[in-house]
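Structural overview
Now for the letters of each chain:
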Amino acid sequence: MSAAQDIAAEAHLRVIRKFLEGKSDHRPNNRELAYWVQFAYQKEAYAEAVALYTHVDESQLEAEYLKTLRRVVSICRMKVG
């Protein structure tokens, strides 16, 4: 990963953390939240991925996508402890 990509990833994680702390005016839609869960997982921000998932409305996701997302969150929960 390039330095620019690292910086962009860290900036995105800061946005996610601000949202989780309730310090953000941005209210992501359900699809964006699901993307954020996967992004956090990829960046090894497992606690953030688990916390984000509590905001996801499962009824608004396609069955296969939801299945994948649940697997990701399950792994994150194991990593968090």
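Now for a quick tour of the structure. (Residues numbered from 1 in each chain as written. Predicted model: local features only at pLDDT ≥ 70, side-chain atom pairs only at ≥ 80, totals over all residues. Heavy atoms only, no water.)

Let's talk about helix α1 (residues 3-20)
An α-helical turn contains 3.6 residues, so a residue and the one three or four places further along point in the same direction. Compared with an ideal rise of 1.5 Å per residue, which puts 18 residues at 26 Å, α1 spans 26 Å between its outermost C-alpha atoms and is within 8% of the ideal. Listed in full, the buried residues belonging to α1 are A9, H12, L13, I16 and F19. Here the buried residues of α1 occupy an arc of 115° about the axis, which is enough to place them on one side. Among the exposed residues of α1, those pointing more than 90 degrees away from its buried face are A3, A4 and I7. Buried residues along α1 sit in contact with α2 (30-42) and α3 (46-53). Taken from the residues just after α1, G22 is the one with a positive phi, measuring 75°. (Helix = DSSP H or I, 4+ residues; strand = E, 2+ residues; numbered from the N terminus. Expected span 1.5 Å × (residues − 1). Buried < 20%, exposed > 50% of the residue type's maximum accessible area, 1.4 Å probe, protein only. Arc of directions from axis to C-beta. Contact = heavy atoms within 4.5 Å.)

Overview of the packing of α2 against helix α4 (residues 63-80)
Following both chains from N to C, one finds α2 and α4 inclined at 40°, their axes separated by 10 Å at the closest point. Taken together, the axis directions place α2 and α4 in an arrangement best described as oblique. Pair α2 / α4 crosses with left-handed handedness. On α4, the residues that touch R31, A34, Y35, V37, Q38 and Y41 of α2 are Y65, T68, L69, V72, V73, I75 and C76. Each residue belonging to the contact of α2 with α4 can be placed in one class, and the counts come to 10 nonpolar, two polar and one charged. (Axes fitted to C-alpha atoms, helices over the stretch in contact; angles between N-to-C directions. Parallel < 35°, antiparallel > 145°, perpendicular 65-115°, else oblique. Left-handed = near helix turned anticlockwise from the far one by under 90°. Nonpolar A, V, L, I, M, F, W, Y, C, P; charged D, E, K, R; others polar.)

Side note on the nonpolar core
Grouped together as the largest cluster of nonpolar side chains are 24 residues, with contacts concentrated most on V37, L52, Y53, V56, L61 and L69. Secondary-structure elements contributing two or more residues to this core are α1, α2, α3 and α4. Once residues within four sequence positions are removed from consideration, V37 is found in contact with A49, L52, Y53, V56, L69, V72 and V73. (Core = buried A, V, L, I, M, F, W, Y, C linked by side-chain atoms within 4.5 Å.)

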